[in-house]
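So the chains spell out like this:
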Amino acid sequence: MSVLDNFDSWKDFLKGRLQQAEESGINHETLTDLAAEVGDYLAESVDAKTPEEEVLKALWSTASEEEQQALASTMIKLVQKHD
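So, how was this worked out
Residues numbered from 1 in each chain as written. Predicted model: local features only at pLDDT ≥ 70, side-chain atom pairs only at ≥ 80, totals over all residues. Heavy atoms only, no water. Helix = DSSP H or I, 4+ residues; strand = E, 2+ residues; numbered from the N terminus. Buried < 20%, exposed > 50% of the residue type's maximum accessible area, 1.4 Å probe, protein only. Contact = heavy atoms within 4.5 Å. Areas by Shrake-Rupley, 256 points an atom, 1.4 Å probe, with all protein chains shown as cover. Expected span 1.5 Å × (residues − 1). Arc of directions from axis to C-beta. Core = buried A, V, L, I, M, F, W, Y, C linked by side-chain atoms within 4.5 Å.

### Some points on the overall build of the protein chain
For step 1, the next point in the chain: A count of helices and strands for the protein chain gives 4 helices and 0 strands.
For step 2, the next point in the chain: Secondary structure elements of the protein chain occur, N-terminal to C-terminal, as α-α-α-α.
For step 3, the next point in the chain: Residues classed as buried in the protein chain amount to 29% of the 83 residues present.
For step 4, the next point in the chain: Summarising the internal contacts of the protein chain: among those between residues at least 6 apart in sequence, 64% fall at separations of at least 24.
For step 5, the next point in the chain: Counting only carbon and sulfur atoms, one obtains 52% of the accessible surface of the protein chain, whose full area is about 5,600 Å².

### As for helix H4 (residues 65-81)
For step 1, the next point in the chain: Along its 17 residues, H4 runs 25 Å from first to last C-alpha, staying within 8% of the 24 Å computed at 1.5 Å per residue.
For step 2, the next point in the chain: Taken residue by residue, H4 has Gln-68, Ala-72, Ser-73, Met-75, Ile-76 and Val-79 as its buried positions. The arc that holds every buried residue of H4, seen down its axis, measures 155°, which confines them to one face. The exposed set on the far side of H4, more than 90 degrees from its buried face, consists of Glu-66 and Lys-81.

### Digging into the environment of Lys-77
For step 1, the next point in the chain: With respect to the helices, strands and loops of the structure, Lys-77 is situated in helix H4.
For step 2, the next point in the chain: The exposure class of Lys-77 is partly exposed, given its relative accessible area of 47%.
For step 3, the next point in the chain: Taking the C-alpha atoms as reference points, Lys-77 and Lys-15, 62 residues apart in sequence, are found 9.6 Å from one another.

### Describing the nonpolar core
For step 1, the next point in the chain: Membership of the largest hydrophobic core is limited to 5 residues, which are Leu-18, Ala-21, Leu-31, Ile-76 and Val-79.
For step 2, the next point in the chain: Every element with two or more residues in this core is listed here: helix H1 (7-23) and H4.
For step 3, the next point in the chain: Once residues within four sequence positions are removed from consideration, Ala-21 is found in contact with Ile-26 and Leu-31.

### Here we look at the environment of Glu-22
For step 1, the next point in the chain: Structurally, Glu-22 can be placed in helix H1.
For step 2, the next point in the chain: In this structure Glu-22 comes out as partly exposed when scored by relative accessible area, which is 37%.
For step 3, the next point in the chain: Sequence-distant contacts of Glu-22, defined by excluding residues within four places in its chain, comprise Leu-31 and Gln-80.

### Some points on the side chain of Thr-32
For step 1, the next point in the chain: By secondary structure assignment, the location of Thr-32 is in helix H2 (residues 28-45).
For step 2, the next point in the chain: By relative accessible area, Thr-32 is classed as buried at 6%.
For step 3, the next point in the chain: Leaving out residues up to four positions away in the same chain, Thr-32 has contacts with Gln-69, Ala-72, Ser-73 and Ile-76.

Spelled out as structure tokens, the structure:
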């Protein structure tokens with residue numbers, strides 16, 4: 001199963017990468033910028049495989065750059081609180 005086959009697996013994957021970045025001393029603004037770059041890549045290059053991914057892709061594709069930064073920041077918060 002790929003990371004994108006399951007939304008919970010994707011959140012766990014993102015949480016792990018976030019923890020690694022934080023341990024490396026990367027600040028929140030840089031993390032948000034990186035998350036936005038990943039969002040761009042996913043929206044342009046990866047077909048949505050779940051309803052959740054379809055919603056995220058639609059939101060990302062219609063959002064302005066500022067809104068995409070807010071979405072990226074929100075995803076970071078989501079995975080930080082995800083148990």
